[in-house]
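# Overview (structure and organization)
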Amino acid sequence: CPAPRPAPQHAQYGPCALRRMSVMEALELLDGLVDESDPDVDFPNSYHAYQTAEGIRRAHPDKDWFQLAGLLHDLGKVLALFGEPQ
């Protein structure tokens with residue numbers, strides 16, 4: 001079975017040539033995005049990330065990797081601000 005070919009986005013975004021940013025900057029950028037999957041939510045997208053991470057922390061205080069995954073789980077949506085579809 002041949003190896004899968006990388007998506008065209010990998011070539012475009014993989015080298016991080018478009019823009020470099022910290023995780024905190026990416027979370028802040030998400031606040032300017034209207035999430036198509038939840039368009040009538042009236043709080044910032046970063047709040048959802050923190051809320052998810054905190055919920056995981058309470059339920060799984062010993063799994064810091066899981067808490068981090070909860071914080072980061074929607075960061076890919078920042079690509080919508082650069083023309084990619086949601």
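About the thresholds
Residues take numbers from 1 onward in each chain, read along the sequence in its written order. Given that the model is predicted, a residue must reach a pLDDT of at least 70 before its local features are reported, and side-chain atom pairs must reach 80 or more before they are shown or counted; all residues, however, enter totals for whole chains, interfaces and linings. Values shown for side chains rest on all heavy atoms present in the structure; no hydrogens or waters enter the calculation. UniProt positions are given in the numbering used here, feature names are shortened, and annotations may be inferred rather than shown by experiment. A run of H or I in DSSP counts as a helix once it spans at least four residues, and a run of E counts as a strand once it spans at least two, with each numbered from the N terminus. Classification of residues uses two cut-offs on accessible area relative to the type maximum, computed with a 1.4 Å probe and protein chains only: under 20% is buried, over 50% is exposed, and between them is partly exposed. Contacts are assigned to residue pairs with any non-hydrogen atoms lying within 4.5 Å of each other. Here the open area of atoms and residues is found with the Shrake-Rupley method and a 1.4 Å probe, where only the protein chains shown may cover a residue. Every residue carries a pLDDT, the predictor's confidence in it, which falls somewhere between 0 and 100.

In the nomenclature of an unreviewed UniProt entry, the protein chain corresponds to Inositol oxygenase from the organism Eudromia elegans. The heading Pathway (unreviewed entry) in the UniProt record of the protein chain holds the text "Polyol metabolism; myo-inositol degradation into D-glucuronate; D-glucuronate from myo-inositol: step 1/1." Quoted verbatim from the Sequence similarities (unreviewed entry) field of UniProt, the annotation for the protein chain is "Belongs to the myo-inositol oxygenase family."

## Examining the overall build of the protein chain
Check the secondary structure of the protein chain and you find four helices and zero strands. Taken from N to C terminus, the helices and strands of the protein chain fall in the order α-α-α-α. Counting only residues that meet the buried cut, the protein chain has 21% of its 86 residues in that class. For the protein chain, the proportion of contacts with a sequence separation of at least 24, taken over those separated by at least 6, is 55%. Counting only carbon and sulfur atoms, one obtains 58% of the accessible surface of the protein chain, whose full area is about 6,500 Å².

## Notes on the confidence of the model for the protein chain
Looking at the protein chain, pLDDT values average 86 and 90% of them are 70 or higher. Between the elements of the protein chain, mean pLDDT differs from a low of 72, seen in helix α1 (residues 8-13), to a high of 96, seen in helix α4 (residues 64-72).

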